[in-house]
Every structure is written in structure tokens, then in C-alpha cells.
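# Structural overview
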Amino acid sequence: MVKVKVNNVEVEVPQEAYIIDAVEKAGFRVPLLCYLQGLFNEATCRVCVVKANGRVVPACRFPVQEGMNIVTSDDELEKMRKINFELLLATHNIHCWDCYRKSTCTLSTLSRELGVEGIPVCSECPLYGEECLVKQGIPCLGPLTVAGCDAECTRQSAPCIGCRGFTSSIDVWRNAIKYYRDNGISREHLESALSIFWVVIPVKLREIINEVYKQ
Amino acid sequence: MNSAMYDIVYGRRDLRVHVPLSSCTLAAGSREVYKAVEDFINRKGINAEVHRVGCTGLCYLDPWIMVAGRGLPAAIYVNVRHVDVEKILARYLNRDFTGAYALRFKEGNVDYGVPLLDEKPEWRNQVRWVSRNCGLVDPESIDEYIMTGGYEGLRKALRMKREEVIETVKKSGLRGRGGAGFPTWLKWKITYEQRSDEKYVICNGDEGDPGAFMNRLLAESDPHRVIEGLIIAGYAVGATKGYVFVRAEKPLMADRLEKAVIEARERGFLGENILGSGFSFDIEVYRSAGAFVCGEETALIAAIEGRARPRQRPPYPATSGLWGKPTVVNNVETLAHVATIFQFGVDEFTKYGTEKSKGTKMFCVTGAVKRTGVYEVPIGTTIKKLVYELAGGPVEGKKIKAVQVGGPSGGCIPSNLFDLELDYETLQSYGAIMGSGGLVVIDDSGCMVNVAKYFTDFTLAESCGKCLPCRVGMKIMNETLERIVNGEGREEDLEILRDLGVTVIKTSLCGLGGSAPNPVLSTLRYFENEYREHVENKKCPAKVCPKLVTYVINEEKCRGCGVCAKYCPVNAITGVPGKPFTIDSSKCIKCGSCLVNCPFGAVEKA
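Procedures and definitions
- Residues numbered from 1 in each chain as written.
- Chains lettered and ligands numbered in written order.
- Predicted model: local features only at pLDDT ≥ 70, side-chain atom pairs only at ≥ 80, totals over all residues.
- Helix = DSSP H or I, 4+ residues; strand = E, 2+ residues; numbered from the N terminus.
- Rg over C-alpha atoms; globule rule 2.2 N^0.38 Å.
- Buried ≥ 20, exposed ≤ 12 C-beta atoms within 10 Å, placed from the backbone.
- Contact = placed C-beta atoms within 7 Å.
- Domains from an automatic or database assignment.
- Nonpolar A, V, L, I, M, F, W, Y, C, P; charged D, E, K, R; others polar.
- Pairing = 2+ DSSP bridges.
- Axes fitted to C-alpha atoms, helices over the stretch in contact; angles between N-to-C directions.
- Core = buried A, V, L, I, M, F, W, Y, C linked by C-beta atoms within 7 Å.
- Expected span 1.5 Å × (residues − 1).
- Parallel < 35°, antiparallel > 145°, perpendicular 65-115°, else oblique.
- Left-handed = near helix turned anticlockwise from the far one by under 90°.
- pLDDT = per-residue confidence, 0-100.

## Points about the overall build of chain B
Secondary structure summary: chain B contains 25 helices and 18 strands in total. Expected size for 606 residues packed as a compact globule is a radius of gyration near 25 Å; at 27 Å, chain B falls within 12% of this value. With respect to the three principal axes, the spread of C-alpha positions in chain B is 85 × 65 × 40 Å. The proportion of buried residues among the 606 residues of chain B is 52%. For chain B, restricting intrachain contacts to residue pairs at least 6 apart in sequence, the fraction spanning at least 24 positions comes to 71%.

## Description of the overall build of chain A
Of regular secondary structure, chain A possesses 7 helices and 5 strands. Going residue by residue from the N terminus, the α and β elements of chain A occur as β-β-α-β-β-β-α-α-α-α-α-α. In terms of overall size, chain A is more extended than a compact globule, its C-alpha atoms giving a radius of gyration of 21 Å where 215 residues would be expected to give roughly 17 Å. Overall, the C-alpha framework of chain A stretches about 65 × 30 × 25 Å when taken along its three principal axes. Out of the 215 residues belonging to chain A, those deemed buried represent 39%.

## Things to note about the domain arrangement of chain A
Residues and elements named next belong to chain A. What the domain assignment reports for chain A is domain 1 (2–84) and domain 2 (94–214). Centre-to-centre separation of domain 1 and domain 2, based on C-alpha positions: 35 Å. Of the residues belonging to the side of domain 1 that touches domain 2, the class tally is 2 nonpolar, no polar and 2 charged.

## Focus on the sheet that holds strand 14 (residues 438–443) of chain B
All names here are of chain B. Taking strand neighbours across the sheet as the criterion, the 5 strands line up as 11-10-14-12-13 in an open arrangement whose pairing is mixed. Because the sheet does not close on itself, it has two edges, and the strands there are strand 11 (373–378) and strand 13 (411–414). Pairwise comparison of adjacent strand axes, ignoring direction, gives a mean angle of 30° for this sheet. The pairing of strand 12 (residues 400–405) with strand 13 spans 4 bridges and is classified as antiparallel. Note that in strand 13 the partner of Val-405 across the bridge is Gly-411.

## Re the nonpolar core
Residues and elements named next belong to chain B. Ranked by internal contacts, the top residues of the largest apolar core, which has 177 residues, are Ile-232 and Leu-386. Filtering out sequence-adjacent residues up to four positions away, Leu-386 remains in contact with Phe-363, Val-365, Tyr-375, Val-377, Thr-381, Ala-391, Leu-422 and Leu-439. Within the second largest apolar cluster, 30 residues are counted, among which are Tyr-10, Val-37, Leu-61 and Ala-102.

## Quick word on unusual backbone geometry
Going from B:Arg313 to B:Pro314, the amide bond is cis rather than trans, its omega being -10°. Of note, the bond from B:Pro314 into B:Pro315 is cis; its omega dihedral lies within 30 degrees of zero at 5°. Note on placement: B:Pro315 falls in the loop between helix 13 (297–305) and strand 9 (327–331). Positive phi is not limited to glycine here, since A:Ser157 has a value of about 65°. By the secondary structure assignment, A:Ser157 is in the loop between helix 4 (152–155) and helix 5 (170–182). A tally of 11 C-beta atoms within 10 Å means that A:Ser157 is categorised as exposed. Even without being glycine, B:Arg95 reaches a positive phi, approximately 60°. Inspection of the secondary structure puts B:Arg95 in the loop between helix 4 (85–93) and strand 5 (102–105).

## Thoughts on helix 14 (residues 332–344) of chain B
Residue and element names in this part refer to chain B. Taking 1.5 Å of rise per residue, the 13 residues of helix 14 would be expected to cover 18 Å, and the 18 Å separating its terminal C-alpha atoms lies within 8% of that figure. Where helix 14 is concerned, the buried positions are Val-332, Glu-333, Thr-334, Leu-335, Ala-336, His-337, Val-338, Ala-339, Thr-340, Ile-341, Phe-342 and Gln-343. Once helix 14 finishes, Gly-345 follows within two positions and takes phi at roughly 95°, a positive value.

## Section: the interface of chain A and chain B
Between chain A and chain B, the residue contacts involve 16 residues of the former and 15 residues of the latter. Elements represented by at least two residues in the side of chain A that touches chain B include exactly strand 4 (55–58) and helix 2 (75–90) of chain A. Sorting elements by how many residues they give to the side of chain A that touches chain B places helix 2 of chain A first, with 6 residues. Tallied by class, the residues present in the side of chain A that touches chain B amount to 11 nonpolar, 3 polar and 2 charged.

## Details of the environment of B:Ala254
Its location among the elements puts B:Ala254 in helix 12 (residues 251–266). Classification of B:Ala254 as buried rests on a count of 23 C-beta atoms within 10 Å.

## Here we look at the sheet that holds strand 4 (residues 74–77) of chain B
Sheets are built from strands that pair by backbone hydrogen bonding, the pairs being arranged parallel or antiparallel. Residue and element names in this part refer to chain B. Strand order in the open sheet formed by 5 strands is 2-1-3-4-5, and the pairing between neighbours is mixed. A single partner strand is all that each edge strand has here, and the edge strands are strand 2 (48–53) and strand 5. Recorded for the sheet is a direction-independent mean angle of 25° between the axes of neighbouring strands. Across 4 bridges, strand 1 (residues 15–20) lies against strand 3 (residues 65–69) in antiparallel orientation. Within strand 3, the position partnered with Leu-15 by the bridge is Gly-69. Strands strand 1, strand 2 and strand 3 of the sheet are contacted by helix 3 (residues 30–44), whose axis makes an angle of about 165° with strand 1.

## Focus on the packing of helix 7 (residues 152–159) of chain B against helix 14 of chain B
Packed helices, taken two at a time, are described by the angle between their axes plus the distance between the axes. Residues and elements named next belong to chain B. Where helix 7 contacts helix 14, the two axes come as close as 7 Å, and the packing angle between them is 80°. Taken together, the axes of helix 7 and helix 14 are roughly perpendicular relative to one another. Note on element contacts: helix 14 touches helix 7 through Ala-339, Phe-342 and Gln-343, opposite Glu-152, Gly-153, Lys-156 and Ala-157. Residues of the contact of helix 7 with helix 14, tallied by class, amount to 3 nonpolar, 2 polar and 2 charged.

## Quick word on the domain arrangement of chain B
The accessible area lost on association of the parts is a frequent measure of interface size. Residues and elements named next belong to chain B. We note that the domain assignment places domain 1 (3–120), domain 2 (150–348), domain 3 (360–443), domain 4 (448–536) and domain 5 (550–605) within chain B. In this structure, domain 1 and domain 3 have C-alpha centres spaced 31 Å apart. Counting residues at the interface gives 4 residues for domain 1, matched by 5 residues for domain 3. Across the side of domain 1 that touches domain 3, the residue classes tally to 3 nonpolar, 1 polar and no charged.

## Let's talk about the pairing of strand 9 of chain B
Residue and element names in this part refer to chain B. The buried fraction of strand 9 amounts to 5 of the 5 residues, a majority that puts the element mostly inside the structure. Burial along strand 9 is two-sided: the residues Thr-327, Val-329 and Asn-331 and Val-328 and Asn-330 are all buried. Here 5 bridges tie strand 6 (residues 200–205) to strand 9, and the two strands are oriented parallel to one another. Each bridged residue has a counterpart across the sheet, and for Tyr-200 the counterpart in strand 9 is Thr-327.

## Observations concerning the pairing of strand 3 of chain B
Residues and elements named next belong to chain B. Judged by how many residues are buried, strand 3 sits mostly within the fold: 5 of 5 residues are covered. Going residue by residue along strand 3, you find Ile-65, Val-67 and Gly-69 tucked away on one face and Met-66 and Ala-68 tucked away on the opposite face as well. Relative to strand 4, strand 3 is paired through 3 bridges, and the arrangement is antiparallel. When the sheet's bridge partners are listed, Val-67 is paired in strand 4 with Ala-75. Linking strand 3 to strand 4, which pair antiparallel, is a turn of 4 residues; within it Gly-71 sits at a positive phi near 80°.

## Details of the packing of helix 3 of chain B against helix 4 of chain B
All names here are of chain B. Where helix 3 meets helix 4, the axes come as close as 9 Å, and the angle between the chain directions of the two elements is 50°. The pairing of helix 3 with helix 4 is recorded here as oblique in orientation. For the pair helix 3 and helix 4, the crossing hand works out as right-handed. Facing Val-33, Ala-36, Val-37 and Phe-40 of helix 3, the residues of helix 4 in contact are Val-85, Glu-86 and Leu-89.

## Quick look at the confidence of the model for chain B
Per-residue pLDDT for chain B has a mean of 89; in total, 100% of the residues score no lower than 70. Two summary scores accompany this predicted model of the complex, namely pTM at 0.88 and ipTM at 0.87.

Below you can see the structure in the form of C-alpha cells.
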């Protein structure tokens, strides 16, 4: 057994344990993504980074050492985690409206936790498949709106009106507008739903609408 | 000159002509020169021989030949074309040394009208310690290596205990020449202390940096030195098998190492019970497919096992490496240093270098200098000395702006910091790394943003894609740089580059990602004004980035010949013959063919 300090809490863990075991034993949490205990332990996503004796290391694959001083969260770590997570979102083809994972999706829960505004409300919406309001011809603004409200409105079958604002990713906008178009929502219909934002609709979004509806 | 050296230079016949046959000189045409020399000898029927040697590292002189006749000085002729061979040799035999570049050796105090090579700055300032045989001995002959004292070091090491061997290396203060500068003895000691039925030593010859070729030069010109070092390392840690990891795209290097292993085995330096010491060891030359990431030791080990991908350390290879057994991974140059230290003694080695890093290091100086080549200098030599005295400084009319040290993992050092000493710690504190020792010199016609983009292009292509920061982070950095180079840079881009760069360095899995943003961060640190010029004014100060350059015709120089209009692929140039032509910048695609083809130099970049 070795003694380590996690955020100044002293815990004792087996010699061959990884940092994550010590962190969990001390009652703290670090976000985990690629790690699956006993199955996958290659430390590829680098979201679980912590500081061990001042050095940035992945918690899931770094063995503990006697007297190790582990810090699970500070400004620098939060920033790095956020950047790495954003990199991951940037390569993820976000189609939450068509995705069955919904509430079981780690990516959406983590994005909420880390405060990354890349994932739309659809990730939290219980309506799936034919139930989707857009599929029923209603211009619900869920696909364009930042998640985090737990989809209060659509849970009661009312369309999302976008009160949380637009997501930050242009790729998501493009995918969403295509989704509206493919489900037969006319441009005028969509624009009237968006008119709630009046003039603050981003120029880029207008460009994308033009571009997608022209195709 | 001692008698062994005399034999090597003058041979047993009346005349010996040394022709270098290594990848670089072959590319410059030394095969034809070799044939021409053979032809000449056969035709004239003189008692002479052609001697195949390795390369000296003075690349700008390739292909060179050294002619040594009995009773005559050994003269070096440079940039030899095969058609000149006959003239050169005939003149030499008539004791006429005009046209010779330098004399390698002469006897007595006779003035031949040609300077000695030792008096030339590029040679005088070098300390040829590990590269002492390069360009002198036949790389495919074990006898010549033994004549120069080869395998003496191994004999000495085998007479010592293993702890004593490690202690000797510790006393020498030798640090890894592959880049990070980890003390060699410590690596050996950790491996030695592991209990395991099998241990391995691996020679890392996977040199992949653009602009670094000292390992190839060393292994092609003096392969036995590397093999000897590897056997000593194997003995010190108690290994059973050694691997030499070479890129398949350097076939000559692999061939020569393979030949050296076979010869060493024939002489009993490898195999069962080496030299009666009871120590058994063998070496296999492994040809890799050639990926930059294989320079990373865990990826290198994984490549031998099957698939080249790095893994998280610890456990370090010294405790769990190849096939899960304790493994030492050393660079080619480190092992050559080991052999040389055991041959000539620790005291000779520690004469050179700084307090923290002893000995010499080979540096490849390439780019915008007069004398490109490999120079071996003591660690702690200033960049200024290396670039200006050894490599001859910038080409006429140019000014050196920066030097990129350490390849795609290193950083740019601006010219006002050229008084820095080249050692591990100093370079690291200025945002570069020693790396394998490649120095790419950039003069004022180079754009630093473009240089940074070039290196991210490289690391992006070579990233294995296992961990997220390197796979995606480098892609985003590359795209951001591309935007800046194309004149679409935004104010926040510099901040993105900085934040992302630091994150990629700190959170990447292996050394590749951990150093890949260095070129960007160091150029941002020292040349932020160039970045700002690209982003804010959409101008490239060095006039390199094609999209930020406009071509204009200087009316005073233009004679109206119309050649430019003929070469313009989009008909953007119009005019009446005899009068100055003009370029329509709205049509111009900035291909630059007018600039290249104007016979009067009237087309200018603005």
C-alpha cells in the first residue's frame, strides 16, 4: 500500500493502483471518457488529466507513487480539459436529433459539466424518431440551441423556442438546417420561428440558411 | 600520423584513390567518379587501387576524392565530375597540385601551395571524436576498423565487471544524443538492476527529422563503431539480444550495418561466449517501414512487436519494454560515443563539453548557409560559431534571421540570441530542443509563419493518431496557420495558437505531440511581429506567402519584350511590345512564372 494525497486528502491505495483509483477513493471526480475499467486503458482522450507532483498526467493510466501529491482541478487543468474536449467535439459529427443515445451519451453530459456549448438540446430531448417535432413539421429550435435545460419544453411536447441561445459550432448549424430542410420545413417557416431573435441572428447562420436552402 | 593511419591513407600500393560511397555522395554522382578512377587505373596500368570510404560530412564538397600517392601528400579534390578524373589524376602524378581543395596529410615542411585541411575553418574548429573514421576507412571492412583501434574498447569492457562498465559511463557523463539528454548510465543501471531472464538493447537509428542526417552518416561511414557500442551496452545491462532499428528507406545504412554484424560475428565479437568472456549476445538489424513516431522509444518497441504506436509511460522501457522485458533504447550516436569512450578513455572524452554535458555532438547545418554539412563540435559551442565559422555564414547578400534547432520538435532561435551555447538545458529554456542536432538556417528570404506551417504539416502527417491533442490539436493548429498564411487570419488566431500549443505539449501522450507545437510557439515568441503583419495588414514581410504577395512590373527595367505575357497562364499581363507591360492583379493567380522568366529582372514582388 502507498500513501498519496489527493487535493490534500490523504488516502492509501495498493502499490499497482492508478491515480484514478486514488482519486475515487478520496471521494473526488475527474471526467473520464475513453477509460473503461478492465476493458480500455490506453489513455487516448486526455480529458482525465490531473497534476501529479506538478506534472500533467492522465489519471487513468499513471501509476501512483509513495507520497504523490495529486491535484484534480485548477485553472490550468480546467482550461486544458476544456480545450481537449472541444477538439473532440470539433471532430464529432453532431446529429443529436437522429441519435438514439440521448441521456446515455457521455459526450453530452461531459460537455454540460465542462461548460462547452457545442451540443444541442436534442441530446436531452426524450422525443426520438417519428415523435420528433421537426419530423412532424414543427420548426422546433432544439437542433440549434445549446443544451443544458434538460429539454423542459419538448418534454411537454411544446417546441423549443431557443431561449438558451445558439450553439457555438458552425458545423452543427449546417447539419441542423439540413435536418429542417430534409423534413420539409420551408425556409419561411423556419425564419418565422427564428424571428424571436429578431436582428441578433448571426450573419453566418443567415449565410448557412441561404446556402442550404439553395441546394 | 601513426602507422595504422598511414596504411589506411596510402595502402599497400603506389597510389590509393579514396572515393566516398555513401547515400549523399552517391546522389552527387560518386559512382561515376568511382568508375572513372577504376577506368583510369586499368588503362594506365599503374600499381594503384580505388578505396571505398564513407562520407566526411562536408556535404557542399560532394563528390570529393582523396588521392594519396607514395611519397606525396594526400590531396583532396572537391566537386569532382567524372569527366575531370583523368585530368586530376594525371596532374597529381606529375606532382602538380593545382586545383586541389586541401591536403589531408603531408610529410615534412614542404610547401605545396595548397592549404592543409586542418587549416580550413570548417575542419579546424571541429573535434572529430565520434566521427573520426568517417571518410577515412572502408565502412565495409572490419579490418580497417580494427586497425584504427576498433573493438579494443569491447575487449577492455569485457574484462571489467558490469557495474564497472556502467560506472565508467557514469564517470564520462555521457547523455543521450537522441534529443532528451537522459544520462546513459542511469538508463543502463535501471535495466541492469531488473531481474529478468531476458533483456534487450536497441539501437535507435530511426532518424526522421527533416534536416538531420548525422546518424545515417555515422552508420554508413563507420558502422562497426555503432555495433561495438551496442555490444558494450548489451554486456553492461546483461542483455541477450540487440536490435538495430533502421529505416528501410535508408537501405545503404541498413545494408552496411547488416554487413558489419555478419563480419563481427565471423570474428567472434558476436555470438556465443564473446572473446572468451562467457558473455553471449547477438544483434539483428530490423528494417522499419519508416514513421517519424518510431523515434519515440515506446513506439519503436511497438514497431518491432508489430504495430508502431506509442503508449503511456510509465512503465518505462527500462523496466518493461520489448516483449515486456527490460529494454535499453539508445541512439546511434550515443552508442558510437560509448565505443569511442572505451577505446580512448574517459579522460579524453571529458576534455570537451560543458559542466553538465560532456563530450561532443554532431550537428547537421543545412539551409541558407554557404557550407552545409555535418560538423562535430564540443557541446557548448555557440550557435554563432557553428553557423558563421564552420558553416560559413549566409550566402552573398543575405542576412541570417533565425535557426531552427532540433527539427520539427525543436524551435526557432532568432539571430540576436546566436551567442547561446548549444547544450540541452540552454536550448530548452529558449523554447527549442537539441533534438538529434539538426540546424536549419533561415535567412531573410524566409517567412517564419511559413516555416512554422511547414513543420506542422510534417508533424500532422506523421502523427499516429492515437491521442486526441496531437491528432486533432495539430490539425487545428495547421488549419489556423494555413488561414494566416492565406491572409484570412483573425485577431484571435494568435491566442488560439498559443493556448492550443501549450495544451498539446502538456497533455499529449508521447514525445511527438509533446514537442510538435514547439516550432509554432517559438516563432510566435520571437517573431510575433511577423504573425501580426500577416494577420493585421495581410502582408508577408518576407514576400513568401503566395496569397499575400502582389507582382508588379518595374517600368524602368521593363523593355517590353512580352516574355512574361507569353508565360502567364491566365493572360493577366498585357501591353504593347516595346513599352512597359502591366499586370492585372485581379486576374493574377500569383504563380510567379513571370518573375522566373523575365530576362531583365523587371518583375518584382510587392
